[in-house]
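Listed below are the residues making up each chain.
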Amino acid sequence: MKKFLFTIFLLIQIQFVYCQNDADVIRYSLMNFGGTGRSLGMANSFGALGADMSATYTNPGGLGLYRSGEISGSLGFNNRNSENEYLNSNKSESQFKMAFSNAGMLWHFENQNYSKWKGWTFAMAYNQTNNHSSNNLASGFNDNNSILHSFCESLGKNEPSVSITDNLQVYQAYGAYPNYNGSNAANLTTDFPFDIDLAWQTFLIDSVEDAGQTYYFNAVPFGGVQQTKKTTTRGGQGEFDISLANNFDNRLFCGMTLGFASVNYNQTTNWREYDSNDSIPGFYSLDYNSELNTTGSAVNFKVGVVYKPIEVLRIGLAFHTPTNYVLTDDYTTTMNAKLENSIGSIVENDYASPLSVPFSYRIITPMKLIASIAGLTSKLGAVNIDYEYNDYSKGYIYTNDNLYNPYFNSTREAIKIKYQATHTVRIGAEAILSNWRIRAGASYSTSPLKEQFRLNSLTDYSKKTITTGFGYKGERYFFDMAIACSTFGNLDRPYSLESGKEGVIKTNYVDTRILFTVGKKF
């Protein structure tokens, strides 16, 4: 039977590598830019139009179109609704919060000589580039297996011809791999301190020895549990931009931005399994809780141009360098097990993962290329089309410590195999009605996942957005308001089994954003 572990040797930093995967690279690469009320009302299709504070993040060449100074701020509300399907059962959750999208100030300086360089624009702005806040709830009845089966498969090979009888209960047998056989079972603590060892310590996983062979079994031998996953995510990404732009002969507008990016991410997860039918002898419930805190920063660079061959036509091109994030993870887990003894009383066992040590690593997001074209008149309005290219297979993750960097090899290989280039098209229009502006737009981003890794078109990370808005432009003051609705989805496998019979959580999101911008020209 299970042996008590008297000594614990913790290889914390190696173990923290297990927390990072290819999903982290995608999480911090897929941006959900807010912008200003004017740009969001046009689906952030503004690459060739310029003269908007959002240009500091998209195409800094557009700042060269300014003819005066400006100060503005954008504040709004986000509501994210999630529909989660798991084991033919559906649950919905929503999360509402106030959002600080954009704020900035710029100064324009006209050249006093007769040079073709007409004037300079210097700008400083903060832009929210991603919102990670969401609530997710998925629940379903699993009559085939448990998360404990995936734990056992990590320790040994399932042997259907071998069964274990303990207290008159029959269990599936998993013949232990050499690293976890007999006295080597202590390796559970060093190799799996955040999941399997917790199940071992709370007696959800146990072992027996027969003829020198160790066999593992778990407290839910044949499934039959109600499974629930509740995830709460908070935080986002932002960037402070310092930009400089110039105007050459009122035809060519060039700009560059130095961006200081930041990450603040928190996720808490509760995985619960419950014997809702009271059909599993000795088992009542398990609660597996985890919390991940990630903070970090990065520096990037952007260059852009807008060319005006004729008065009614503008062409834009922008290049964003890869962003090299320095991130720190702090990860902890706990396990609570409620088991029934021989007289039917509940015995409760709790165990927490070792005191975590923050682990630092780096993620490099792919470069970005944006091409734009716009048509406009001073009396009717404007139309802009943006095309954006990203190759997510070029994302990269590593650590500066050569001792632990090899543990990222599988993640780096997964990025190359699973992901591909994406294409985003944004179309926006603005109509002029005296001092008022009416806006609308739409955008579509293709999936970063290669086709063979997509479950369906709703959970492939592709994204559709429609927007509308209006604004008022006075001689000195202006006001803009926008509404944007985005739909996208993803999938999550709470655990994996060799049989492929584990459940998959399919999540479809609907994001609704309302944004207000006020500003003054000087």
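We now turn to the structure provided with this report. Every value quoted in this text rests on a predicted model; they were computed, and no experiment measured them.

### Details of the environment of C254
Within the fold, C254 resides in strand β10 (residues 252-274). Distance in space between the C-alpha atoms of C254 and G64 is 6.5 Å, their sequence separation being 190 residues. Sequence-distant contacts of C254, that is, excluding residues within four places in its chain, are made with G61, L244, A245, N246, G304 and V305.

### Looking at the nonpolar core
If you look at the biggest cluster of nonpolar residues, it comprises 55 residues, and the most contacted ones within it are L204, Y216, F283 and L286. For this core, the elements supplying multiple residues, two or more each, are α2 (22-27), α4 (147-155), β6 (169-176), α6 (196-201), β10, β11 (283-310), β13 (324-340) and β15 (359-364).

### Focus: the sheet that holds β6
The strand order β5-β6-β8-β7 describes an open sheet built from four strands, whose pairing is antiparallel. Edge positions in the sheet fall to β5 (156-166) and β7 (205-210), since each has one partner strand and no second. Within this sheet the neighbouring strands show an average axis-to-axis angle of 40°, counted without direction. Looking at chain direction, β6 and strand β8 (residues 213-218) are connected through two bridges and run antiparallel. Within β8, the position partnered with G175 by the bridge is Y215.

### Comments concerning the environment of E273
Examined against the element boundaries, E273 turns out to sit in strand β10. Sequence separation between E273 and D287 is 14 residues, and the spatial gap between their C-alpha atoms is 6.7 Å. Residues in contact with E273, not counting those within four places in the same chain, are S146, I147, V225, Q226, Q227, F283, Y284, S285 and L286. Within the structure, E273 has its side chain in polar contact with the side chain of S146 (distance 2.6 Å).

### Focus on the pattern of salt bridges
Tallying each qualifying case throughout the model produces 16 salt bridges. The shortest N-O distance in the salt bridge between R80 and D511 comes to 2.7 Å. Here the residue R80 occupies a position in strand β1 (residues 70-86), and D511 occupies one in strand β23 (residues 505-521), the gap between them amounting to 431 residues. No difference in accessibility class separates R80 from D511, as the two residues are buried. Within the structure, one salt-bridge network assembled from shared partners comprises R38, E430, R439 and D480.

### Here's the deal with the pairing of strand β3 (residues 117-131)
By the bridge criterion, nine bridges tie strand β2 (residues 89-110) to β3 in an arrangement that is antiparallel. Across the sheet, the residue bridging to A103 is Y126, located in β3. Count of turn residues in the β2/β3 antiparallel hairpin: six residues. Both β3 and strand β9 (residues 225-248) contribute to a ladder of 13 bridges, which runs antiparallel. Across the sheet, the residue bridging to N131 is G236, located in β9.

### Looking at the packing of aromatic side chains
Under the counting rule described, the total for this entry stands at 23 aromatic pairs. Seen from their ring centres, Y86 and W271 are 6.3 Å apart, and the 75° between their planes marks the pair as edge-to-face. Of this pair, Y86 sits in strand β1 while W271 sits in strand β10, placing them 185 residues apart in sequence. One exposure class covers both Y86 and W271, and it is buried. Through successive ring pairs, a cluster of aromatic residues spans W436, F470, Y472, F479 and F516. Sitting above the plane of the Y28 ring, R27 keeps its charged end 5.4 Å from the centroid. Between K463 and the ring centre of F488, over which it is positioned, the NZ or CZ distance is 5.3 Å.

### Some details on the side chain of N127
Within the fold, N127 resides in strand β3. The class of N127 is buried, set by a relative accessible area of 0%.

### A short note on the environment of P178
Structurally, the position occupied by P178 is in the loop between β6 and α5 (187-191). Each C-alpha atom, one on P178 and one on T189, is 15 Å from the other, the two residues being eleven residues apart in sequence.

### Comments concerning the side chain of N135
Among the structural elements, N135 can be located in strand β4 (residues 134-142). One polar contact links the side chain of N135 to the main-chain carbonyl oxygen of S94, over a distance of 3.1 Å. Excluding residues within four positions of it along the chain, N135 makes contact with S82, E93, S94, Q95, T231, T232 and R234.

### Looking at the pairing of β9
Side chains on a regular strand alternate between the two faces of the sheet. Bridge analysis of β4 against β9 gives nine bridges, and the strand direction is antiparallel. Each bridged residue has a counterpart across the sheet, and for L137 the counterpart in β9 is K230. Examined bridge by bridge, β9 and β10 share 23 bridges and lie antiparallel to one another. Bridge pairing in β10 places L244 opposite M256.

Rules and cut-offs
- Residues numbered from 1 in each chain as written.
- Predicted model: local features only at pLDDT ≥ 70, side-chain atom pairs only at ≥ 80, totals over all residues.
- Heavy atoms only, no water.
- Helix = DSSP H or I, 4+ residues; strand = E, 2+ residues; numbered from the N terminus.
- Contact = heavy atoms within 4.5 Å.
- Core = buried A, V, L, I, M, F, W, Y, C linked by side-chain atoms within 4.5 Å.
- Buried < 20%, exposed > 50% of the residue type's maximum accessible area, 1.4 Å probe, protein only.
- Pairing = 2+ DSSP bridges.
- Axes fitted to C-alpha atoms, helices over the stretch in contact; angles between N-to-C directions.
- Polar contact = N/O pair within 3.5 Å; in protein donor to acceptor, adjacent residues only side chain to side chain.
- Salt bridge = Lys/Arg side-chain N within 4 Å of Asp/Glu carboxyl O.
- Phe/Tyr/Trp six-rings, centres within 6.5 Å; stacked < 30°, edge-to-face > 60°.
- Lys NZ or Arg CZ within 6 Å of the ring centre and 35° of its normal.

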